[in-house]
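# Examining the three-dimensional arrangement
Below, each chain spelled out in residue letters.
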There are 2 protein chains.
Amino acid sequence: MTSPAEAPSAPPRERRQRVQSAETGMAVLKGLAHLGGRSSLTALATHVAESPAKVHRYLASLMEESLVRQDTVSQHYYLGPEAIQIGLAAMRQADPIRAAEPCLIRLRESLEVTCFVAVMGNKGPTIVRFEEPGLPVTVNVRVGSVMSILWSATGRAFLGLLDESRVVALAEQELADATEDMRALLDAGDPIGALRRDVQQAHCAIVRDTYLRGISAVAAPVYDYAGRVCAVITALGATGGFDPSIDGPIAIAVRREAKAAGALLGAAA
Amino acid sequence: MTSPAEAPSAPPRERRQRVQSAETGMAVLKGLAHLGGRSSLTALATHVAESPAKVHRYLASLMEESLVRQDTVSQHYYLGPEAIQIGLAAMRQADPIRAAEPCLIRLRESLEVTCFVAVMGNKGPTIVRFEEPGLPVTVNVRVGSVMSILWSATGRAFLGLLDESRVVALAEQELADATEDMRALLDAGDPIGALRRDVQQAHCAIVRDTYLRGISAVAAPVYDYAGRVCAVITALGATGGFDPSIDGPIAIAVRREAKAAGALLGAAA
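Reading the values: the criteria
- Residues numbered from 1 in each chain as written.
- Chains lettered and ligands numbered in written order.
- Predicted model: local features only at pLDDT ≥ 70, side-chain atom pairs only at ≥ 80, totals over all residues.
- Heavy atoms only, no water.
- Least-squares fit on C-alpha atoms with pLDDT ≥ 70 in both.
- Salt bridge = Lys/Arg side-chain N within 4 Å of Asp/Glu carboxyl O.
- Helix = DSSP H or I, 4+ residues; strand = E, 2+ residues; numbered from the N terminus.
- Buried < 20%, exposed > 50% of the residue type's maximum accessible area, 1.4 Å probe, protein only.
- UniProt positions renumbered as here; feature names shortened; annotations may be inferred.
- Disulfide = S-S within 2.5 Å.
- Contact = heavy atoms within 4.5 Å.
- Polar contact = N/O pair within 3.5 Å; in protein donor to acceptor, adjacent residues only side chain to side chain.
- Nonpolar A, V, L, I, M, F, W, Y, C, P; charged D, E, K, R; others polar.
- Domains from an automatic or database assignment.
- Pairing = 2+ DSSP bridges.
- Core = buried A, V, L, I, M, F, W, Y, C linked by side-chain atoms within 4.5 Å.
- pLDDT = per-residue confidence, 0-100.
- Axes fitted to C-alpha atoms, helices over the stretch in contact; angles between N-to-C directions.
- Parallel < 35°, antiparallel > 145°, perpendicular 65-115°, else oblique.
- Left-handed = near helix turned anticlockwise from the far one by under 90°.
- Phe/Tyr/Trp six-rings, centres within 6.5 Å; stacked < 30°, edge-to-face > 60°.
- Lys NZ or Arg CZ within 6 Å of the ring centre and 35° of its normal.

Looking now at the relation of the copies chain A and chain B. If you rotate chain A by 180° and push it 0.0 Å along the axis, it lands on chain B with an RMSD of 0.1 Å. The transformation just described matches what one would write down for a two-fold rotation axis.

In structure tokens form, the structure reads like this:
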């Protein structure tokens, strides 16, 4: 399968060099992206800390592959149509479940909490991945469970931060179907609006005993490259043994991990 | 500025090799994008026509630069967060005016027609670049001119294919302000709806003497990476000496050039 030049017996120096050249080419491509997708040769060479002559040769390769174009008037280099295609392919396969997986494991291991990631399914917020510590609290939600929009922390995070009409429609339906006791847990004048404003201010949603008896939860949004909430990460525990306060260690960790998942999906920092 | 190894006196073989390695790295990156952003090593090696061992080394470099990640379960490679960032930067600086410029020059040179590219400005379709042949027809539009939504070919292309409420609002305003003579040029029952349907069917807009006296025009949409009409390319000429028919050579060329401009902006083929 390998040509003589590619065989494992090839001199290590040459193999290393080839990899280094590819990495330098990628560094030039990334440098151009970090400069806004458009730059002079001088500014780009400074940014990647290489000589202009060297960067110029790499740019010639990038232009050969249609990843970079050169403006005939300003002589500036800019990211070309193949760079858009690579980004589109990367966005299409960017998967919030995969991105959230290591975040859930870190939350479980560092805080020993039950945690999960949910996406907005056609019936409402739906758990798609679930992690439990060695000594889990007993809860009757699992992968596949559809959560309440109005009474779960997960649902409230979507309600407050995912700007889609179907989310509000789901909330209005839940409100119409709710018992008097459940309604009494919400703002009397503007139940949906008040929930949304709270979540928007805190940038996370917190519940104590409103959805699952004896359970508190903290939920934070995962944003994608388009600035849209594509998932919500939630941690939960037995009320009393679990601190769901907005500035407590659990809320801080959940927000940090939700942000880390977003970074893998191209969300703005 | 250049280190000894980078000086122009460096052996040509080494310089060529460096460029080749960068190009192979880019080919692997593009190959992964063309396979949907996710692939096994074997499928990717087949796609780029290189040995798996060679492709594996390049993938290690791409992973080093966070352009590619490997799924720990399936061992498949997929485009990583830096690939999204490169795409986002490329999209942000993708400029329909720059993309359309060579298209206008080709239209002018091959067909000897006056042509321009317009974008949707806050007052309506606005000409941002204008090309004229050696013997131009006299028209009273130029760069900066805002065109009619309802009576110009340019405006109708936006009306039919740019799905934004402000476009329809502009059309309704124009209709309300129009004289009886101007209204008589449109469908009596559903003037805006009929125009939109015509353009959607033909995928271009054609007018004969409706906007500028004695002038015919053909306009076609330029799509961006998001599938949105970001510009319209229009060719015009004196009615009689200019064939605006839907399957005539001018309409075919305008549609082809609008598509070529869109390809530079990441539009789907």
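This brings us to the pattern of salt bridges. The tally for this structure, following the rule as stated, stands at 22 salt bridges over all chains. For Arg228(A), the salt bridge identified is with Glu164(A), shortest N-O distance 3.1 Å. Taken together, the residues span a long stretch of sequence, with Arg228(A) in the loop between strand 7 (215-223) and strand 8 (229-238) and Glu164(A) in the loop between helix 6 (153-161) and helix 7 (165-177) at a distance of 64 residues. With a closest N to O distance of 2.6 Å, Glu131(B) and Arg108(B) form a salt bridge. Here Glu131(B), found in strand 5 (residues 124-131), pairs with Arg108(B), found in helix 5 (residues 96-111); they are 23 residues apart in sequence, far enough to count as distant. Residue classification places Arg108(B) among the partly exposed residues on the basis of a relative accessible area of 23%.

Residue and element names in this part refer to chain B. One non-glycine residue, Ser66, lies in the positive phi region at around 60°. On the secondary structure map, Ser66 appears in the loop between helix 3 (52-64) and strand 2 (68-70). On the accessibility criterion, Ser66 (23% relative accessible area) is partly exposed. Unlike most non-glycine residues, Glu112 shows phi in positive territory, near 55°. Inspection of the secondary structure assignment puts Glu112 in the loop between helix 5 and strand 4 (114-121).

Time to look at the UniProt feature "domain: IclR-ED" (unreviewed entry) in chain A. UniProt feature "domain: IclR-ED" (unreviewed entry): in the numbering of this structure it lies at residues 82-267 of chain A. In the segment residues 82-267 of chain A, helix accounts for 44% and strand for 21%; the C-alpha atoms at its two ends are 21 Å apart.

The full count for this structure, using the stated rule, is 0 disulfides over all chains. Free cysteine Cys115(A): the closest other cysteine sulfur is in Cys103(A), separated by 9.6 Å.

It is worth spelling out the interface of chain A and chain B at this point. Listed by partner, the interface residues are 57 residues for chain A and 57 residues for chain B. We note a salt bridge from Glu65(A) to Lys30(B), for which the minimum N-O separation is 3.0 Å. Put simply, chain A and chain B have 10 residue pairs in polar contact (both at pLDDT 80 or more) between them. With 15 residues, helix 1 (residues 12-34) of chain A is the largest single contributor of residues to the side of chain A that touches chain B. For the side of chain A that touches chain B, the per-class residue count stands at 28 nonpolar, 14 polar and 15 charged.

Once the domains are mapped, chain A shows domain 1 (4-91) and domain 2 (94-264). Using C-alpha coordinates to define each centre, domain 1 of chain A is positioned 42 Å away from domain 2 of chain A.

Residues and elements named next belong to chain A. With 6 of its 8 residues buried, strand 5 (residues 124-131) lies for the most part within the structure. With 7 bridges joining them, strand 4 (residues 114-121) and strand 5 adopt antiparallel strand pairing. Residue Cys115 lies in a different strand from strand 5, and its bridge partner there is Glu131.

Of all hydrophobic cores here, the largest spans 48 residues; its most connected members are Leu29(A), Leu79(A), Leu29(B) and Leu79(B). When sequence neighbours within four positions are dropped, the list of residues in contact with Leu79(B) reads Ile86(A), Ala89(A), Ala90(A), Gln93(A), Leu29(B), Leu32(B), Ala33(B), Gly37(B), Leu67(B) and Val68(B).

The next subject is the pairing of strand 7 (residues 215-223) of chain B. All names here are of chain B. The buried count for strand 7 comes to 8 of 9 residues, which makes it a mostly enclosed element. Sheet analysis places strand 6 (residues 205-208) next to strand 7, joined by 4 bridges and oriented antiparallel. Each bridged residue has a counterpart across the sheet, and for Ile206 the counterpart in strand 7 is Val218. Counting the residues between successive antiparallel strands, the hairpin from strand 6 to strand 7 contains 6 residues, one of them, Asp209, with a positive phi of roughly 65°. Both strand 7 and strand 8 (residues 229-238) contribute to a ladder of 9 bridges, which runs antiparallel. Bridge pairing in strand 8 places Ile215 opposite Ala238. Counting the residues that bridge the hairpin from strand 7 to strand 8 gives 5 residues, and of these Gly227 lies at a positive phi of roughly 75°.

Residue and element names in this part refer to chain A. The pLDDT averaged across chain A works out to 88; a share of 93% of its residues lies at or above 70. Between the elements of chain A, mean pLDDT differs from a low of 78, seen in helix 1, to a high of 97, seen in helix 2 (residues 41-48). In this model, residues 1-15 is a region of pLDDT below 50 whose contacts with residues beyond four sequence positions or in other chains number 15 contacts.

All names here are of chain B. Viewed as axis vectors pointing N to C, helix 7 (residues 165-177) and helix 9 (residues 191-202) meet at an angle of 130°, and their least axial separation amounts to 10 Å. On the basis of their axis angle, the class for helix 7 and helix 9 is oblique. The element helix 7 and its partner helix 9 pack so that their crossing is right-handed. Counted together, Val168, Ala171, Glu172 and Leu175 of helix 7 and Pro191, Ile192 and Arg196 of helix 9 form the full contact between these two elements. Here the residues of the contact of helix 7 with helix 9 are counted per class, giving 5 nonpolar, no polar and 2 charged.

Turning our attention to the environment of Ala169(A). All names here are of chain A. Residue placement: Ala169 occurs in helix 7. The partly exposed category is assigned to Ala169, whose relative accessible area is 41%. Taking the C-alpha atoms as reference points, Ala169 and Thr138, 31 residues apart in sequence, are found 31 Å from one another.

Applying the stated criterion to the full structure yields 2 aromatic pairs over all chains. Relative to Phe130(A), the ring of Phe116(A) lies with its centre 5.9 Å away and its plane at 5°, an arrangement referred to as stacked. Placement of Phe116(A) in strand 4 and of Phe130(A) in strand 5 is noted, with a sequence separation of 14 residues between them. In this structure Phe116(A) comes out as buried when scored by relative accessible area, which is 0%. Arg98(A) extends its terminal NZ or CZ atom over the ring of Tyr78(B), reaching a point 3.9 Å from the ring centre.

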